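Structural overview
So you can see what is in the structure, the chains are spelled out below.
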Amino acid sequence: MSNGPRKPTCYECQHDFRYTDTIPMRRQGVMMHMNERFCLGGKKARRFKKSDPQKYVPGWCPRRKNPCEWRLYGFKSHCEELLHFRLCQDIGETLLPTEHRYALLCEGRTDLSPREFWTRCETTLDPTEGILENPVEMYQVLEIDDGLKPAFFYKTERGFQFVSTFRAEIARKNKLEED
């Protein structure tokens, strides 16, 4: 899986906590002892078991969304779409999506994680089959959010391309303009 979404780790999370004090202490409803690892993401702290993954996010993570959410972004106006097409033609290569030109078109839920979707992109012609009612059009951006780290997939002539620089919060603020 080249250039796809990475498997998320707990080390990137603000709720990952290792208790290092020599004196045991009760915190968030749990007695903590030296060198024990906890997740402080929920109302009550949760101790990592020996059977839990050491590096990657466990299945019980309170931030994880199950099923994942998907959002489809398209150009907010016909003018933005024409400008993008024209720039791609003039330069001779596909430009990366700019969130200021996009707006949210629709959203839903899927059982596929971002990594599973990326694997599907490499093995099938239409990886969105069974997820979306309509196929993703050229230069649209598909977001799959598992609650840990959203992944963005940009539709180009060669299929889907993983994009790590798309800022969805800006695109969600934009409104679709009527032509």
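Residues numbered from 1 in each chain as written. Predicted model: local features only at pLDDT ≥ 70, side-chain atom pairs only at ≥ 80, totals over all residues. Heavy atoms only, no water.

What follows deals with the nonpolar core. Counting 15 residues, the largest nonpolar core has W70, F117, L142, I144 and F153 as its most contacted members. Taken together, the elements giving at least two residues each to this core come down to β6 (68-75), α2 (114-123), β8 (141-145) and β9 (151-156). Non-local contacts of F153, meaning those with residues more than four positions away in its chain, are made with P5, P114, F117, W118, Q140, V141, L142, I144, F160, Q161 and F162. If you look at the next biggest cluster of nonpolar residues, it comprises 12 residues, including F75, V141, Y154 and A168. (Core = buried A, V, L, I, M, F, W, Y, C linked by side-chain atoms within 4.5 Å. Buried < 20%, exposed > 50% of the residue type's maximum accessible area, 1.4 Å probe, protein only. Helix = DSSP H or I, 4+ residues; strand = E, 2+ residues; numbered from the N terminus. Contact = heavy atoms within 4.5 Å.)

This brings us to unusual backbone geometry. Going from N66 to P67, the amide bond is cis rather than trans, its omega being 5 degrees. Positive phi, normally seen in glycine, also occurs at N35, with a value near 65 degrees. Residue position: N35 is located in the loop between β3 (30-32) and β4 (36-39). Phi at Y139 takes a positive value of approximately 70 degrees, unusual for a residue other than glycine. By the secondary structure assignment, Y139 is in the loop between α2 and β8. On the basis of relative accessibility, which here comes to 3%, the residue Y139 falls in the buried class.

Attention now goes to the layout of surface pockets. Roughly 450 Å³ of volume is contained in the largest pocket. P5, R6, K7, P8 and K149 are the residues nearest the centre of the largest pocket, which is lined by 23 residues in total. Elements that contribute at least two residues to the lining of the largest pocket include exactly α2, β9 and β10 (159-163). Its residues assigned to classes, the lining of the largest pocket comprises 12 nonpolar, 4 polar and 7 charged. Roughly 210 Å³ of internal volume is contained in the second largest pocket. (1 Å grid on protein atoms, 1.4 Å probe; cavity = no way out; pocket = protein on both sides within 12 Å on 5 of 7 lines; lining within 4 Å. Points joined across faces, edges and corners; volume = space filled by probe spheres on them. Nonpolar A, V, L, I, M, F, W, Y, C, P; charged D, E, K, R; others polar.)

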